[in-house]
Amino acid sequence: AQRVTQPEKLLSVFKGAPVELKCNYSYSGSPELFWYVQYSRQRLQLLLRHISRESIKGFTADLNKGETSFHLKKPFAQEEDSAMYYCALSYHSGGSNYKLTFGKGTLLTVNP
Amino acid sequence: DTEVTQTPKHLVMGMTNKKSLKCEQHMGHRAMYWYKQKAKKPPELMFVYSYEKLSINESVPSRFSPECPNSSLLNLHLHALQPEDSALYLCASSQGGTGPYEQYFGPGTRLTVT
């Protein structure tokens, strides 16, 4: 069965420190993975999609199929990065349908 | 217009009321979704419409009734809700039907059932 695991509920770092938010997935097919971010009182928004290989707001994520991981990294955290981060997997659920399943989320706090 | 909009922002309703949530997008997306999100939890999928047809119903109770009048509009009709239905209801859309595309989310309607 498809599953997304984010092992850290809470992560706290100081401004300027590197940050890594972990994500592991379980899926027998070819995974399509995303990172979404939800800032306080704002809508859920797409941060990264693995196939685009872009760097958004200084964040990067590499898909490691051997380790079934899609960790999110940033070399120097900023206070405005404080938010809830969700890793999500899009999977084929039958016919022409795809579903998006989310991990439980990691609440990142960047301290001054 | 590159946003998904939802109205109302907040809704308080009694258990005997009938109300509707509205979602709109003008990005030409052909798949639209309803999610339910409880506090500090990830969104949970409720319904998916693809090309204005209901393609996924995640065994949602019949007191929630979705409707997709056209490709830009998605409604969620509510009737005889329970207090445990209080949550943030999110609408999302994606391009080209229900492929593995990124989804764009609206700000949500915060629903309180009294």
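Calculation criteria
- Residues numbered from 1 in each chain as written.
- Chains lettered and ligands numbered in written order.
- Predicted model: local features only at pLDDT ≥ 70, side-chain atom pairs only at ≥ 80, totals over all residues.
- Heavy atoms only, no water.
- Pairing = 2+ DSSP bridges.
- Helix = DSSP H or I, 4+ residues; strand = E, 2+ residues; numbered from the N terminus.
- Contact = heavy atoms within 4.5 Å.
- Buried area = accessible area lost by both parts, 1.4 Å probe.
- Salt bridge = Lys/Arg side-chain N within 4 Å of Asp/Glu carboxyl O.
- Buried < 20%, exposed > 50% of the residue type's maximum accessible area, 1.4 Å probe, protein only.
- Core = buried A, V, L, I, M, F, W, Y, C linked by side-chain atoms within 4.5 Å.

Draft legend 1. Just the sheet that holds strand β7 (residues 60–61) of chain A, in detail. Residues and elements named next belong to chain A. One open sheet holds the three strands; their spatial order is β3-β8-β7, and the pairing between them is antiparallel. The open sheet has two edge strands with one neighbour each: β3 (19–21) and β7. Where β3 meets strand β8 (residues 72–74), three bridges bridge the pair, whose relative direction is antiparallel. Residue pairing in the sheet places Val 19 in a bridge with Lys 74 of β8.

Draft legend 2. Spatial organisation of the interface of chain B and chain A. Between chain B and chain A, the contact holds 21 residues from the first and 19 residues from the second. Together, the buried faces of chain B and chain A total about 1,800 Å²; carbon and sulfur atoms form 54% of this surface. For the interface between chain B and chain A, the tally reads three salt bridges. Of the charged contacts in the structure, one is a salt bridge between B:Glu58 and A:Lys99, with a shortest N-O distance of 2.7 Å.

Draft legend 3. View of the pairing of strand β8 (residues 73–79) of chain B. All names here are of chain B. In terms of burial, β8 is a largely internal element, five of the seven residues being buried. Note: strand β3 (residues 18–25) against β8, seven bridges, orientation antiparallel. If you follow Lys 19 over to β8, its bridge partner there is Leu 78. Relative to β8, strand β7 (residues 64–70) is paired through five bridges, and the arrangement is antiparallel. Each bridged residue has a counterpart across the sheet, and for Asn 70 the counterpart in β8 is Leu 73. Where β7 hands over to β8, the hairpin turn is made up of two residues, counted between the paired strands.

Draft legend 4. Summary view of the pattern of salt bridges. All names here are of chain A. Evaluated as defined, the whole model comprises ten salt bridges over all chains. Taking the shortest distance from any N to any O, the salt bridge between Glu 20 and Lys 73 comes out at 3.8 Å. Of this pair, Glu 20 sits in strand β3 while Lys 73 sits in strand β8; the two residues are 53 residues apart in sequence, bridging distant segments of the chain. Assessed through its relative accessible area of 27%, Glu 20 is described here as partly exposed. Bridged by salt links that share partners, the residues Glu 20, Lys 22 and Lys 73 form one connected network.

Draft legend 5. Main features of the environment of B:Ser94. Residue and element names in this part refer to chain B. Mapped onto the elements of the fold, Ser 94 is located in strand β9 (residues 87–94). In this structure the C-alpha to C-alpha distance between Ser 94 and Met 32, which are 62 residues apart in sequence, comes to 6.5 Å. With residues near it in sequence (within four places) discarded, Ser 94 still touches His 29, Arg 30, Ala 31, Tyr 33, Tyr 101, Glu 102 and Gln 103.

Draft legend 6. How the structure looks around the nonpolar core. Among the nonpolar cores identified, the biggest contains 26 residues, and A:Val19, A:Leu21, A:Trp35, A:Leu47, A:Leu72, A:Tyr85 and A:Leu108 are the most heavily contacted of them. Sorting the residues of this core by element identifies β2 (10–14), β3, β5 (32–38), β6 (45–49), β9 (83–94) and β11 (106–111) of chain A as the ones contributing at least two each. In this structure, A:Leu47 is in contact with A:Trp35, A:Tyr36, A:Val37, A:Ile56, A:Phe59, A:Leu72 and A:Tyr85, ignoring residues within four places of it in sequence. Among the nonpolar cores identified, the runner-up in size contains 22 residues, and B:Val4, B:Phe47, B:Phe64 and B:Leu81 belong to it.

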